Amino acid sequence: MRMFRPPSIPSSEITSETTWLRRRELLAQGAGLAALVTLPGCFAGQESHAATEPSTLRALEGVTPAPRRFRTEEAQTPFEDASTYNNFYEMGTDKGDPVRNAHRLRPEPWSVVVEGEVGKPGRIGLEDLLAPHALEERIYRLRCVEAWSMVIPWVGIPLGAVLARFEPTSRAKFVAFETLVDPEQLPGQKRQILDWPYREGLRMDEAMHPLAILAVGMYGRVLPNQNGAPLRLVVPWKYGFKSIKSIVRIRLQAERPETSWSQSAPREYGFFANVNPEVSHPRWSQARERRIGEWRKRPTLMLNGYAEQVGHLYKGMDPKKLY
Amino acid sequence: MDAARRRTLVQAAAVAAGLAPAAVMAGAALTVGLGANPVETLTHETGEWALRLLLASLAITPLRRLGLTVLAPLRRTFGLLGFAYATAHFLIFLVLDLGLEPGLLIEEVAERPYVTAGFAAFVLLCPLALTSTRGWQRRLGRRWTRLHLLAYPAIVLALLHFLWLVKADLLEPAVYALVGGILLATRIPAARRALAGLRL
Ligand code: HEM
């Protein structure tokens with residue numbers, strides 16, 4: 001039992017911090033009858049420390065609104081859903097675990113190591129990494145490999161522009177990313193569910209594509225910890241697990257990097273992980289998806305609806321190999 | 001308290017306990033909601049309660065052997081409750097995941113081993129639920145006992161169904177499988193004799 005969540009409190013009703021801090025009591029009262037029959041782990045959201053209320057997250061300023069080609073006009077997923085229903089195994093394997101464990105992660109100060117086939121390797125603080133770039137809004141569909149999807153307004157910077165600053169050499173064919181390893185901050189790492197650190201990677205031309213961004217925020221505010229604060233990848237035409245969270249290392253290299261899910265289950269997850277309704281996951285169909293907030297499933301679009309923009313990257317490749 | 005009255009009370013408590021999760025789900029649906037993905041919540045909750053109740057049903061015979069004869073009628077109670085959750089679980093999948101399309105159901109059952117196993121478990125349980133009344137028990141006589149041995153393959157298939165559907169973290173289904181394995185092991189004649197020897 002796990003996924004029942006506390007009622008959201010409209011911001012108009014947030015009177016004071018004490019009310020916010022008392023929310024467990026309020027919740028206990030609100031849960032009423034149901035709480036009488038307490039089931040193990042039920043209403044786990046009561047323990048939540050991480051912000052699920054956007055006003056507790058710092059607002060980002062000077063964000064360029066998304067131009068037409070980088071925004072979908074579809075209804076956006078409510079912030080509450082996007083911040084309480086997460087796959088972030090470093091914070092636990094249930095969708096509700098990340099929001100419960102998120103308070104342990106310290107996203108400030110943060111630095112990233114950029115290394116490998118680059119002219120200017122080194123460790124760089126997050127502020128310095130961001131400084132030369134204008135923050136941009138991108139409203140993308142997010143399609144999880146588990147056949148659910150969301151629409152999320154991200155705030156970030158183009159990955160390609162960031163990589164260019166480190167002067168990739170001609171040998172740089174792939175980019176590898178790694179998530180922080182620290183079982184104190186990321187308690188899910190106390191168990192070897194995956195071979196930590198979580199690793200992801202892109203081919204260089206994918207990484208340079210303008211749709212690929214490094215996100216630092218969503219819904220106009222900094223990323224909640226459970227969504228991969230302070231820095232995560234967003235590649236909207238690939239299944240969500242490619243969009244690695246809480247990045248501490250970026251390496252450019254000549255060989256294709258190992259990636260966590262394809263290491264864990266090579267038969268089920270490949271390197272490319274492009275959204276493709278025609279290629280089923282061995283254990284379930286990818287033809288349809290449930291948009292969070294909807295009851296019925298809807299058809300999944302080729303390359304998550306970004307085929308026109310990124311289709312040319314895969315010309316001549318067998319789409320069956322692109323899962 | 002006389003024996004009949006005690007049985008009735010135990011029975012009522014079991015039914016109440018078995019229905020409580022459904023009441024909690026309904027209560028949550030009406031108040032705090034069922035999370036970002038209610039269909040998934042419902043599928044998971046009904047699936048887990050189906051499994052828990054089927055395992056509870058399987059626990060009754062060894063407990064009876066240990067001397068807790070008052071629990072004996074609960075084998076059927078828990079079995080039927082488990083079947084009710086399995087039915088809800090199946091219908092949620094059929095209606096909300098597959099949009100009631102028989103073609104899709106056939107495809108899923110044929111192509112996905114975890115659905116095949118779950119579906120087979122459900123199919124095996126159907127005749128058991130239908131013949132669970134005293135009337136059928138009498139009518140079928142010895143054959144009733146034989147028929148109801150299907151509960152064993154059904155639980156094994158249900159456990160496989162759970163083991164096969166997780167992505168990476170096998171801990172939870174492994175715990176259920178361990179409990180199921182122990183309960184099935186108590187059916188081995190040597191274990192049965194040992195239990196009888198332990199009589200409370
Ligand atoms: C005796 C019968 C069954 C039992 C005991 C059972 C039990 C379970 C359990 C324990 C889960 C996992 C819940 C969780 O992860 O928390 C589950 C999930 C699921 N079951 Fe069943 N099940 C049964 C029959 C079926 C049938 C007949 C179908 C469909 C034809 C089905 C489809 C599913 C689906 C789609 C999921 C969710 C998979 C996912 O979200 O990853 N089950 N079931």
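Everything here concerns the structure above.
This text gives an overview of the structure that appears in the document. (Residues numbered from 1 in each chain as written. Chains lettered and ligands numbered in written order. Predicted model: local features only at pLDDT ≥ 70, side-chain atom pairs only at ≥ 80, totals over all residues. Heavy atoms only, no water.)

Looking at the nonpolar core
Condition: As used here, the term nonpolar core means buried Ala, Val, Leu, Ile, Met, Phe, Trp, Tyr and Cys residues forming a set that is joined through side-chain atoms within 4.5 Å. Relative accessibility under 20% of the residue-type maximum defines a buried residue, over 50% an exposed one, and the middle range a partly exposed one, all with a 1.4 Å probe and only protein chains included. Runs of H or I in DSSP of at least four residues are treated as helices and runs of E of at least two as strands, each being numbered from the N terminus. When checking whether two residues touch, look at their non-hydrogen atoms; a contact exists if any pair is within 4.5 Å.
Membership of the largest hydrophobic core comes to 85 residues, with the highest contact counts inside it found for W154(A), L159(A), F177(A), L233(A), W237(A) and I250(A). In terms of residue count, strand β4 (residues 148-158) of chain A provides more of this core than any other element does, 6 residues in total. If we ignore the near neighbours within four places in the chain, the residues touching L159(A) are F177(A), L202(A), A207(A), A212(A), I213(A), L214(A) and L233(A). In this structure, L81(B), V109(B), Y114(B) and A129(B) belong to the second largest nonpolar core, which totals 46 residues.

Things to note about the coordination of the iron atom of the ligand
What counts is decided by this rule: Listed donor atoms are N, O and S within 2.8 Å of the metal (Na, K and Ca: 3.2 Å). As water is not included, a site may look incomplete.
Taken together, H89(B) (NE2) and H161(B) (NE2) make up the full set of protein donors to the iron atom of the ligand, lying 1.9 to 2.0 Å away. For H161(B), a relative accessible area of 16% gives the class buried.

A short note on the side chain of E178(A)
Residue and element names in this part refer to chain A. Checked against the element boundaries, E178 lands in strand β5 (residues 174-179). According to the relative accessible area criterion, E178 is buried, its value standing at 14%. Here E178 is in contact with P197, Y198, R199, I244, S246, I247, V248, R249 and R251, once residues within four sequence places are set aside.

Re unusual backbone geometry
Residues and elements named next belong to chain A. Of the consecutive residues W196 and P197, the connecting peptide bond is found in the cis state with omega at 0°. Tracing the backbone shows P197 in the loop between β5 and β6 (199-203). Of note, the amide linkage connecting A229 to P230 takes the cis form, showing an omega dihedral of -5°. If you trace the backbone, P230 turns up in the loop between β8 (221-222) and β9 (232-234). At Y219, a residue that is not glycine, the phi angle is positive and equals roughly 55°. Structurally, Y219 can be placed in the loop between β7 (213-218) and β8.

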